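Here's the letter readout for the chains.
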Amino acid sequence: MSLVEATPELIRSRIDGIPSGIIEVPDPSPKFPNGVLRVDGDTLRTLDMLLVVSGARISEAAANPSGARRNVSASLSLEEDTLDDEPVLLIKRTPLKKKSAPTLEIGVPLNPEYEPFSRPVLDAWRRVRGNPCNLTASQALAANHLIFTGIGYRIRPRVIYERSENGKPIRDAAGRKVIKRVVAEHMKPAANHVIRHIRATELRRRFKLTREERTAFFNWSTMNLGGSAMQDDYDQVEWIEWFSKLCKRRT
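Residues numbered from 1 in each chain as written. Predicted model: local features only at pLDDT ≥ 70, side-chain atom pairs only at ≥ 80, totals over all residues. Heavy atoms only, no water.

## Looking at unusual backbone geometry
Located in the positive-phi region is Asp-84, a residue other than glycine, with phi close to 55°. Take Asp-84: its relative accessible area is 74%, and that puts it in the exposed class. Of note in this structure, Arg-129 is not a glycine but carries a positive phi near 55°. Mapped onto the elements, Arg-129 comes out in the loop between α3 (118-128) and α4 (137-147). Taking relative accessible area as the criterion, Arg-129 reaches 80% and is therefore assigned exposed. (Buried < 20%, exposed > 50% of the residue type's maximum accessible area, 1.4 Å probe, protein only. Helix = DSSP H or I, 4+ residues; strand = E, 2+ residues; numbered from the N terminus.)

This is the structure in structure tokens:
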């Protein structure tokens with residue numbers, strides 16, 4: 001089956017259309033070939049909305065760590081704030097792929113004319129007085145494969161290097177990184193991670209965030225900008241510097 005390439009508008013539409021009630025997801029196994037996974041639609045919709053507005057990875061947001069190698073969702077917090085009289089959803093979390101990471105703090109608009117997903121996420125958080133996204137990454141993965149049926153996103157060609165147990169590249173006798181495999185460009189069926197991809201696209205194309213601003217939003221390393229570990233810790237752009245760019249009405 002050919003896949004339609006994901007766009008922010010298409011992914012947002014699918015998320016917005018997630019039905020309330022129990023979603024039954026085919027979950028076959030050798031023992032239970034007709035197995036079904038049951039996922040609460042409201043919880044899944046809230047989780048996906050949170051992933052959009054925050055740019056978080058699934059294990060930085062999904063509150064149930066069962067089956068995950070690492071889960072830092074306990075560090076997540078949401079609160080309401082203001083900037084120049086504009087209501088703000090203030091999001092704080094610990095980034096996953098950091099050995100010793102400071103808390104990441106970003107602000108996104110609460111005004112639904114700018115960001116329709118922010119207020120429902122905050123309301124759900126307040127109802128349970130904490131993280132309402134009580135799903136595992138694998139449960140969300142299975143359900144989102146169903147929600148995003150027929151949609152894919154493009155994986156660019158890249159080289160995967162061999163790494164040691166502590167994550168460092170393994171080098172040969174000449175000091176060159178050992179290649180594990182080469183990944184050709186291909187389309188991957190959409191599920192959890194597509195949300196982070198389309199959020200990056202949206203921030204670049206619709207809101208015109210610079211590469212440096214997107215690096216700060218997602219807490220990417222500044223190495224790809226010629227930065228350093230010290231810059232990662234002390235000199236990244238703060239959200240108040242690019243917040244006004246997100247205050248753009250949707251048509």
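Next comes the rest of the description.
## So, the packing of aromatic side chains
This structure, assessed with the given rule, holds four aromatic pairs. Judged by centre distance (5.0 Å) and plane angle (65°), the ring pair of Phe-217 and Phe-218 falls under edge-to-face. For Phe-217, a relative accessible area of 0% corresponds to the buried category. Owing to a relative accessible area of 1%, Phe-218 belongs among the buried residues under this scheme. Note on Trp-239 and Phe-243: the rings are 5.7 Å apart at their centroids and 80° apart in plane angle, and the pair reads as edge-to-face. One end of the pair, Trp-239, and the other, Phe-243, are both in helix α8 (residues 239-246), four residues apart, so they sit about a helical turn from each other. Of the two residues examined, Trp-239 and Phe-243, each falls in the buried class. Grouping aromatic residues by their ring pairs yields a cluster made of Phe-217, Phe-218, Trp-220 and Trp-242. Just above the ring of Phe-117 sits the side chain of Arg-12; from NZ or CZ to the centre is 4.9 Å. Directly above the aromatic system of Tyr-161 lies the positively charged group of Lys-177, at a separation of 5.2 Å from the ring centroid. (Phe/Tyr/Trp six-rings, centres within 6.5 Å; stacked < 30°, edge-to-face > 60°. Lys NZ or Arg CZ within 6 Å of the ring centre and 35° of its normal.)

## Some details on empty space enclosed by the protein
Scanning the model with the defined rule gives one cavity of 30 Å³ or more in all. What the largest cavity holds in volume is close to 30 Å³. Around the largest cavity, the lining residues are Pro-109, Tyr-114, Glu-115, Arg-199, Phe-207 and Leu-246. When its residues are assigned to classes, the lining of the largest cavity shows four nonpolar, no polar and two charged. (1 Å grid on protein atoms, 1.4 Å probe; cavity = no way out; pocket = protein on both sides within 12 Å on 5 of 7 lines; lining within 4 Å. Points joined across faces, edges and corners; volume = space filled by probe spheres on them. Nonpolar A, V, L, I, M, F, W, Y, C, P; charged D, E, K, R; others polar.)

## What about the pattern of salt bridges?
One pass over the structure, following the stated rule, counts 18 salt bridges. Here Arg-119 and Glu-80 are joined by a salt bridge, their closest N and O atoms 3.5 Å apart. Of the two residues, Arg-119 sits in helix α3 while Glu-80 sits in strand β4 (residues 77-83), which places them 39 residues apart along the sequence. Exposure remark for Arg-119: the relative accessible area of 27% places this residue in the partly exposed category. With relative accessibility at 36%, the residue Glu-80 sits in the partly exposed group. Notably, a salt bridge pairs Glu-213 with Lys-245, separated by 2.8 Å at the nearest N-O pair. Of this pair, Glu-213 sits in helix α6 (residues 211-218) while Lys-245 sits in helix α8, and the two are 32 residues apart along the sequence. Taking the relative accessible area as the measure of exposure, Glu-213 reaches 10% and is therefore buried. Note on Lys-245: relative accessible area 29%, which makes it partly exposed. By sharing partners, the salt bridges in this structure join Arg-12, Glu-115, Arg-199, Glu-202 and Arg-250 into a single network. (Salt bridge = Lys/Arg side-chain N within 4 Å of Asp/Glu carboxyl O.)

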